[in-house]
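# Fold and contact review
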Amino acid sequence: MATTSVLKPDYEAKGDSFIFTDEHEQLRESIRSFVDKELAPHAEEWEETTFPDSVIHRMGELGFLGLDKPEEYGGQGGDYYTALVLAEEMARAGSGGLAMGVAVHTDMAMPPILAFGTDEQKEEWLIPAIRGEKILCLGITEPDAGSDVAGIKTRAVYDEANDEYVINGSKTYITNGHRADVIVLVTKTDAEAGYDGFSLFLVPMDAPGVIREKKLEKLGMHASDTALLAFQDVRVPASALLGEKGKGFYHIMWELQGERLIGAAGCVAGAQQAFDKTLEYAKEREAFGRPIGNFQAIRHKFAAMATKIEAARQLVYMTAWRFNNGEYPVREISMAKLYSAQVACEVTDECLQIHGGAGYMKEYGIERAWRDMRLNRIGAGTDEVMLDVIGRSYGL
Amino acid sequence: MSAKGLPTEPAERRLVPPFTEEHEELRASLRRFVEGELRPHAEEWERERWVPNEMFARMGELGFFGLDYPEEYGGQGGDCLHSAVLAEEMARCGSGGVAASLGAHVTIATPPVWKFGTEDQKQRYVVPSIRGEKISALGITEPGAGSDVASLRTSAKKVDGGWVLNGEKCYITNGVRADFVVTAVRTGGEGHGGVSFVIVDTDQPGYQASKLEKMGWHASDTALISMQDVFVPEENLLGDEGGGFSLIMANFQWERLSMALGAVAAAQNVFDTTLAFAKEREAFGRPIGNFQAIRHKFAAMATTIEAGRALTYHALRLFAGGQDALQEVTMAKLKTQRDAFEVADECLQVYGGAGYMVEYGVERAARDARLGPIGGGTDEVMSEILGKTMGL
């Protein structure tokens, strides 16, 4: 086997994939060339400044924001796998924050508008979002409620006289919160109704009473903007209600599934990216008279990392296959999310180790990957929440 | 999903590629056999350190030894996917030794004869093996040469009409009961190039096999074989003289893939048993499975198993498609063997004191699984192979 053919993800070998077709490969090529030319060269600069809104505009122009969305809304009408391809290729930019900002727009905030929005809502928000003209964010987490969605306190009270809702509360860790034009906001409309008391709203971010607090500083994901938001007597028309009143919890639980799998694909691709870079480094960097990769201890590190990455990738693909074939595999999605995030963290840490002192320096980008990846074991449901979901699926 | 995109009833579980309905029929009949005729006896055979030879004949009779052989040789005319189902289902018998003994016959010992043998050799050895009338073993490892095949020393000296063998083989599954052993010998000089394969009839004078005692796999006989001037006729040379190394390599992928399939299935089996236990066994007023610490153990185990399955099926799809899939098979072998042991060990922990007792079979599962990272090429050898394929 030629060494060049080795450890390339299986989608690079024709006919090897049971989910991707030639069309997916063509799409991959075009996204890849965009990422390599227009995103990767700026990754380092954007760590300081966060990525510019023009990235979203440009990606909308190229049709990358609606790959799996219906053509009638300006999307490309592709299948679920096209969204996986985007997540995988975005990782090549080497900036977790950038990939996350785009994913929140396309895979977190967009799906509920598509699934539950009225024609007017789709016209106002979905179509321009797919075009990249408007930017979306999603507001679930609050200072006192993260994975425990049921603990959400943000209230939306109906004002019958004006046929409006009045929203009060706060949301935190909101990706795109500063740049977004609209937020898909999870609120409680009936404090007594438990899980049946949640409702979603589309709240324009320029509505009076929406306060964007300062950008939150983070361990990693520096290219993304993360907001603490306050809502003080924010008034929205009744038509801003997204989906059914009282069904918000179920709406959001549904959409979290697709997002988690896309996130898992991003983790695998991020791990692969760090692996590829480190492999190259280990072949060049010499110590004790030979490339460090030729030491058995290092060689076996690569073997172990490659095995984990491939296992995670295949778990994601197998689950995506189920999802695309109409199953709703919550258990497997949770497994894929859990495992991929852990693998990504372990792999980037091992890559840091192989780089040695250089890895600890900013220049090589490995410490950034290490910091960026660490979020994945927390965001979109912590490891511990995933373990609970999986365990409960067995009746425990 | 409903029109609103809300999750409704969980959709029907689908068969994951590469398997289809056709394989499920075979799976059902294998499962009936394993649960009806192997599992109930597993404990007894473990104690006796022997699975009866009649079971070979029985499996032959049922056609399970010829799944991927052509019908004219008594096979079922299937392919490696059918054999994959066999590897998975045999792991459910609850004894690594039973699965190994019956499995080694069909997975590692007969295939080289089929692939490299002459028509005469196929008729004499493969056909009765498929029927379960002859039992086979593969003899490669020696006291001084395991994964390092190039250093094996058993000598074959050319004599009139054949060869005379002298040397020792060890850790040979089925070596005691075998009717013939597909044996690696040195016919030439040092290194890979001097290695050839011959088929040794075990009733030849000078062939002696004794059982080795082991940590696990008790139901299988693992032999130390000594050969003193054992005669092998010319027509029992398998493949080309000096071509032994490629013969070894030819079946490695399938052997390792079978091991991966078996390990995933074995891990699933002990997981299922332990899950049932954790739902029934109460402590501090509730089933132990309802404690978060235990629930998370199950979640972590299930994730490990599923990731191993995904990786193994990936390798299987490539292999079934005619690729060597060196990298993918090696990864699958490497990942699943240690995983299967860790799952069994965690299950032992969930069982607590009961798990330490022979009765529940979980201590056996752990002991049996421990061979995985050693047999069929150690984890360290797998890592070497992978490293080399990356140019390291």
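What you are looking at is a predicted structure, and each value in this text was computed from that prediction instead of being measured. (Residues numbered from 1 in each chain as written. Chains lettered and ligands numbered in written order. Predicted model: local features only at pLDDT ≥ 70, side-chain atom pairs only at ≥ 80, totals over all residues.)

### Things to note about the overall build of chain A
This is how it is decided: Helix numbering and strand numbering both begin at the N terminus, where a helix is a DSSP run of H or I of at least 4 residues and a strand a DSSP run of E of at least 2. Exposed residues have 12 or fewer other C-beta atoms within 10 Å of their own C-beta, buried residues have 20 or more, and partly exposed residues fall in between, where C-beta atoms are placed from the backbone.
Along chain A, the regular secondary structure elements total 12 helices and 10 strands. In chain A, buried positions account for 54% of the 396 residues.

### Observations regarding the overall build of chain B
To be explicit about the condition: For the radius of gyration, the atom set is restricted to C-alpha positions; the globular benchmark scales as 2.2 Å times the number of residues to the power 0.38. By definition, residues are in contact whenever their C-beta atoms, placed on the basis of the backbone, come within 7 Å of each other.
A tally of helices and strands in chain B yields 12 helices and 10 strands. Since a compact globule built from 392 residues should have a radius of gyration of about 21 Å, the 22 Å found for chain B is in line with a globular shape. In terms of overall dimensions, chain B has C-alpha extents of about 80 × 50 × 50 Å along its principal axes. For chain B, long-range pairs separated by at least 24 residues make up 72% of all intrachain contacts whose partners lie at least 6 apart in sequence.

### Here we look at the interface of chain B and chain A
What counts here: Ten residue types, Ala, Val, Leu, Ile, Met, Phe, Trp, Tyr, Cys and Pro, are classed as nonpolar, four, Asp, Glu, Lys and Arg, as charged, and the remainder, Gly among them, as polar.
Facing the 41 residues of chain B at the interface are 44 residues of chain A. Elements that contribute at least two residues to the side of chain B that touches chain A include exactly helix H7 (244-280), helix H8 (292-320), helix H9 (326-351) and helix H12 (379-389) of chain B. Here the side of chain B that touches chain A takes 15 residues from H8 of chain B, the largest share from any one element. Here the side of chain B that touches chain A is composed, by residue class, of 22 nonpolar, 12 polar and seven charged.

### Points about the pairing of strand S1 (residues 136-139) of chain A
All names here are of chain A. Using the following cut-off: We treat two strands as partners when DSSP finds at least two bridges between them.
Burial of S1 is two-sided: the residues Leu136 and Leu138 facing one way and the residues Cys137 and Gly139 facing the other way are all buried. Of the strand pairs in this sheet, S1 and strand S4 (residues 182-188) are connected by four bridges, and their pairing is parallel. If you follow Cys137 over to S4, its bridge partner there is Ile183.

### Observations concerning H9 of chain B
Residues and elements named next belong to chain B. Stated formally: Take the number of residues in a helix, subtract one, and multiply by 1.5 Å to get its expected span.
The end-to-end C-alpha separation of H9 is 38 Å, in line with the 38 Å expected for 26 residues at 1.5 Å each. Of all 26 residues that make up H9, 22 are buried, and the element is covered over most of its length. Within two residues after H9, Gly352 carries a phi angle of roughly 65 degrees, on the positive side.

### Points about the packing of helix H1 (residues 22-39) of chain A against helix H4 (residues 80-90) of chain A
All names here are of chain A. What counts, and what does not: Here the axes come from fitting lines to C-alpha atoms, over the contacting stretch only for helices, and the angles between their N-to-C directions go from 0 to 180 degrees. In this scheme, roughly parallel covers angles under 35 degrees and roughly antiparallel covers those over 145, while 65 to 115 is roughly perpendicular and the rest are oblique. In this scheme, a crossing is called left-handed if the near helix is turned counterclockwise away from the far one by less than a right angle; it is called right-handed if the turn is clockwise.
At a closest axis distance of 9 Å, the pairing of H1 and H4 adopts a crossing angle of 30 degrees. As judged from the angle between their axes, H1 and H4 are roughly parallel. Taken as a pair, H1 and H4 cross one another with a handedness that is right-handed. Touching His24, Leu27, Arg28, Ile31, Arg32 and Val35 of H1 are Tyr81, Thr82, Val85, Leu86, Glu89 and Met90, all from H4. In the contact of H1 with H4, the residues fall into seven nonpolar, two polar and three charged.

### Here's the deal with the pairing of strand S4 (residues 180-186) of chain B
All names here are of chain B. The element S4 is extensively covered by neighbouring structure, given that seven of its seven residues are classed as buried. Side chains of S4 alternate between two faces, with Phe180, Val182, Ala184 and Arg186 and Val181, Thr183 and Val185 buried alike. Here strand S1 (residues 136-139) pairs with S4 via four bridges, running parallel. In the sheet register, Leu138 faces S4, and the bridge partner there is Val182. As paired strands, S4 and strand S5 (residues 195-201) are joined by seven bridges and run antiparallel to one another. Across the sheet, Val185 pairs through a bridge with Ser196, a residue of S5.

### Details of H12 of chain B
Selection criterion: Here the arc refers to the set of directions running from the helix axis out to each C-beta atom.
Those residues of H12 of chain B not exposed but buried are Met382, Ser383, Leu386, Gly387 and Thr389 of chain B. On an axial view of H12 of chain B, the arc spanned by its buried residues comes to 160 degrees, and they lie on one face. Its buried side turned inward, H12 of chain B meets helix H8 (296-324) of chain A together with H9 of chain B. With its phi angle positive at about 80 degrees, Gly391 of chain B sits one or two positions after the end of H12 of chain B.

### Notes on the confidence of the model for chain B
All names here are of chain B. Operational definition: The predictor rates its confidence in each residue with pLDDT, a number between 0 and 100.
With 97% of its residues at a pLDDT of 70 or more, chain B has an overall mean of 94. Predicted confidence for residues 1-9 stays below pLDDT 50, and this span has 13 contacts to residues more than four positions away or in other chains. Interface confidence for the predicted complex, given as ipTM, is 0.90, next to a pTM of 0.92.

### Structural notes on the nonpolar core
To keep things clear, this is the line we draw: Definition of nonpolar core: a set of buried Ala, Val, Leu, Ile, Met, Phe, Trp, Tyr and Cys residues joined via C-beta atoms within 7 Å.
Counting 247 residues, the largest nonpolar core has Phe201 of chain A together with Ala344 of chain B as the members making the most contacts within it. Beyond its immediate sequence surroundings of up to four residues, Ala344 of chain B is in contact with Ala267, Val270, Val362, Ala365, Ala366 and Ala369 of chain B.

### Notes on the packing of helix H5 (residues 96-116) of chain B against H7 of chain B
Residue and element names in this part refer to chain B. It is at 10 Å that the axes of H5 and H7 come closest, and there the two elements cross at 150 degrees. In terms of their interaxial angle, H5 and H7 are classed as roughly antiparallel. Here H5 runs over H7; the crossing is right-handed. Residues Ala99, Thr107, Ile108, Pro111, Pro112, Lys115 and Phe116 of H5 touch H7, and the partners they reach there are Leu247, Ala250, Asn251, Trp254, Glu255, Ser258 and Gly262.

### Looking at unusual backbone geometry
Residues and elements named next belong to chain B. Going from Pro17 to Pro18, the amide bond is cis rather than trans, its omega being 15 degrees. Positioned with a positive phi, Trp217 is a non-glycine residue whose angle comes to about 55 degrees. Trp217 gets classed as buried once you count the C-beta atoms within 10 Å, which come to 24. The backbone of Phe284 sits at a positive phi, close to 50 degrees, despite the residue not being glycine. Relative to the helices and strands, Phe284 is located in the loop between strand S9 (282-283) and strand S10 (286-287). Classification of Phe284 as exposed rests on a count of 7 C-beta atoms within 10 Å.

### Details of the confidence of the model for chain A
Confidence in the prediction of chain A, expressed as mean pLDDT, is 93, and 96% of residues score 70 or more. Of the regions scoring below 50 in pLDDT, residues 1-14 of chain A engages in 18 contacts with residues more than four places distant in sequence or in other chains.

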